[in-house]
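Here's the letter readout for the chains.
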Amino acid sequence: MTTYDFDREIDRRGTSSVQWDGIADRFGAGDLLPFTISDMDFASPPEVLAALRERVDHGVFGYTDWRLGEFREAIRHWYATRYDTGVDTETLVYAPSVLSQLSQLLRMWTAPGDGVVVHTPTYDGFRKVVTGLGRELRGVPVGDTEALAAELARPDARMLLLCSPHNPTGRVWREEELAEFARLAERYGVAVVSDEIHADLVADGHRHLPFSRFAETGRGRRWALITSGTKAFNFPALTGSYGIVGDPDEREAFVRRMETGEGLASPAVLSLTAHIAAYRHGGPWLDELRRYVAGTLRMLAERLAEGLPGVEWTPPQAGYLAWIDLRPLGIDESALQRELIEREKVAIMPGAVYGAAGFVRLNLGCPRKKAERGVDALVRAAGRLRTG
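My aim in this report is to walk through the structure given alongside it, one point at a time. (Residues numbered from 1 in each chain as written. Predicted model: local features only at pLDDT ≥ 70, side-chain atom pairs only at ≥ 80, totals over all residues. Heavy atoms only, no water.)

1. Topic: the sheet that holds strand β2 (residues 92-95)
At step 1: Here 7 strands make up an open sheet; going across it, the order is β2-β8-β7-β6-β5-β3-β4 and the pairing mixed. Since the sheet does not close on itself, it has two edges, and those belong to β2 and β4 (136-141), each with one partner. Adjacent strand axes in the sheet meet at a mean angle of 25° when their direction is disregarded.
At step 2: With 3 bridges joining them, strand β3 (residues 115-120) and strand β5 (residues 157-163) adopt parallel strand pairing. In the strand pairing of β5, V117 is matched with L160. (Pairing = 2+ DSSP bridges. Helix = DSSP H or I, 4+ residues; strand = E, 2+ residues; numbered from the N terminus. Axes fitted to C-alpha atoms, helices over the stretch in contact; angles between N-to-C directions.)

2. Considering the layout of surface pockets
At step 1: Space inside the second largest pocket adds up to approximately 330 Å³.
At step 2: Contributions of two or more residues to the lining of the second largest pocket are made by α7 (175-188) and β6 (191-195).
At step 3: The leading source of residues in the lining of the second largest pocket is α7, at 3 residues. (1 Å grid on protein atoms, 1.4 Å probe; cavity = no way out; pocket = protein on both sides within 12 Å on 5 of 7 lines; lining within 4 Å. Points joined across faces, edges and corners; volume = space filled by probe spheres on them.)

3. A closer look at helix α6 (residues 145-152)
At step 1: What α6 keeps buried is the set L148, A149, E151 and L152. Taken end-on, α6 shows its buried residues confined to a sector of 165°, consistent with a single buried face.
At step 2: Looking at the buried residues of α6, the elements they touch are β3, β4, β5 and α7.
At step 3: The backbone nitrogen of E146 has a side-chain oxygen 3.3 Å away, supplied by the residue at the start of α6, namely D144. (Buried < 20%, exposed > 50% of the residue type's maximum accessible area, 1.4 Å probe, protein only. Arc of directions from axis to C-beta. Contact = heavy atoms within 4.5 Å. Polar contact = N/O pair within 3.5 Å; in protein donor to acceptor, adjacent residues only side chain to side chain.)

4. What about the pattern of salt bridges?
At step 1: Scanning the model with the defined rule gives 33 salt bridges in all.
At step 2: Its salt-bridge partner being E186, residue R221 comes within 3.1 Å of it at the nearest N-O pair. Here R221, found in the loop between β6 and β7 (223-227), pairs with E186, found in helix α7; they are 35 residues apart in sequence, far enough to count as distant.
At step 3: On the basis of relative accessibility, which here comes to 52%, the residue E186 falls in the exposed class. (Salt bridge = Lys/Arg side-chain N within 4 Å of Asp/Glu carboxyl O.)

5. Structural notes on the environment of R12
At step 1: Turning to its location among the elements, R12 is positioned in the segment before α1 (23-27).
At step 2: Each C-alpha atom of the pair R12 and D41 lies 7.7 Å from the other, and the pair is 29 residues apart in sequence.
At step 3: When sequence neighbours within four positions are dropped, the list of residues in contact with R12 reads S17, Q19, W20, D21, D39, M40 and D41.
At step 4: A distance of 2.8 Å separates polar atoms of two side chains, one belonging to R12 and the other to D41.

6. Let's talk about the sheet that holds strand β10 (residues 346-350)
At step 1: Spatial ordering of the open sheet is given by β1-β10-β11-β9, a layout of 4 strands whose pairing is mixed. Pairing within the sheet leaves two strands with one partner each, and these edge strands are β1 (33-35) and β9 (321-325). Sheet twist, expressed as the average angle between the axes of neighbouring strands with direction ignored, equals 35°.
At step 2: The pairing of β9 with strand β11 (residues 359-363) spans 5 bridges and is classified as antiparallel. Residue pairing across strands places W323 opposite R361, the latter belonging to β11.
At step 3: With respect to the sheet, helix α12 (residues 368-385) is in contact with β1, β9, β10 and β11, its orientation differing from that of β1 by roughly 90°.

7. Quick look at unusual backbone geometry
At step 1: For the bond running from T120 to P121, omega is 0°, close enough to zero to count as cis.
At step 2: Looking at the secondary structure, you find P121 in the loop between β3 and α5 (124-132).
At step 3: Residue P165 is reached from S164 by a cis peptide bond, and omega for that bond is -5°.
At step 4: Structurally, the position occupied by P165 is in the loop between β5 and α7.
At step 5: Look at D84: it is not a glycine, yet its phi comes out positive at around 50°.
At step 6: Within the secondary structure layout, D84 lies in the loop between α3 (71-82) and β2.
At step 7: The backbone of T239 shows a phi angle near 65°, a positive value even though the residue is not glycine.

8. Observations concerning the packing of aromatic side chains
At step 1: Evaluation of the coordinates by the stated rule reveals 19 aromatic pairs.
At step 2: Taken together, a centroid distance of 4.9 Å and an interplanar angle of 15° make the contact between W78 and Y279 stacked. Taken together, the residues span a long stretch of sequence, with W78 in helix α3 and Y279 in helix α9 (residues 269-281) at a distance of 201 residues. Neither residue differs from the other here; W78 and Y279 are each classed as buried.
At step 3: Arranged with centres 6.2 Å apart and planes meeting at 90°, the rings of Y242 and Y279 form a pair that is edge-to-face. Of this pair, Y242 sits in strand β8 (residues 241-245) while Y279 is found in helix α9, placing the two residues 37 residues apart along the sequence.
At step 4: By way of ring pairs, the aromatic residues Y4, F6, F42, W66, F71, W78, Y94, F233, Y242, Y279, W285 and Y292 are connected into one cluster.
At step 5: Residue placement shows R368 over the ring face of Y292; its charged tip is 4.4 Å from the ring centre.
At step 6: A cation sits over an aromatic face here: K370 above F35, 4.7 Å from the ring centre. (Phe/Tyr/Trp six-rings, centres within 6.5 Å; stacked < 30°, edge-to-face > 60°. Lys NZ or Arg CZ within 6 Å of the ring centre and 35° of its normal.)

What follows is the structure, encoded as structure tokens:
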């Protein structure tokens, strides 16, 4: 069995890293240990790095087409072996990022002023894209199907925007929930876009089900699954995402818009290379990563239980982002951020970014020693401020 070294600490400073080099822009200080934006401090799988080196050594980087070569077949293979789900490669589309896919689908399926329904708390990238395009973001609490139905029933609701698994809570939607989402969307004539970029990081004991299993493919079926291998295999800076669009006419329109209106004539060849290598050979690395992250999350649970009694927290069902409810401690969020930044010298995302004051989102996609420093800093800071 191959063993990968996730304990190795890699210095990311000076690499134009948003998490490390851009810390002062968000937190006002540049000397902080960051646990922020959701990328990991681990090197990408050696199998991916080897494929990238081989492609670079080829030396020619002419125009490319994502429909040529092994890219689509690698996706089909991944879904068949990982999710027991068939993918017709003719239904696939390509875009530089998941959010660029969302932006294009919003332009196609909604108009300014239309309602876009999301689950709260909400990934801040959704808020930026939806409101930036002049659409109205409408939130319903995670798990509240009655509130969801009421929002979708509004006459100007045009899209249900899923995050599956959910960011920031790490919730993995159950089969009956996904079936109900599809049923409600069909009932109220609402398009569905399911962002599944965290799917490959589902924890043991839980199962991700692609939304494509619950939606019919054909004309008049407005739904899309949008995702990428960049999250799980940690190469977002290479860009690249793909999607499945249910309606063939809408799919053709999407590709045409990307290639003409957005100028996507030639995707980044190293993104194609990385995806192919990850989906063909990266499974063992990903499984070991998931086990390592699970150990880190257990460490967090133990230290919270010991250091902050009253905070009830369990590891997420997917991902390396810990969504922690500190409201039982009666802590002012601004005061906590000052303690973390000025005294503890760490950067942790406040819940208000996702529309939920009193929470924090702690990125633990990092070596264990770094994670322990962040967790201990949070426990100390919250402990000093607690009133509850």
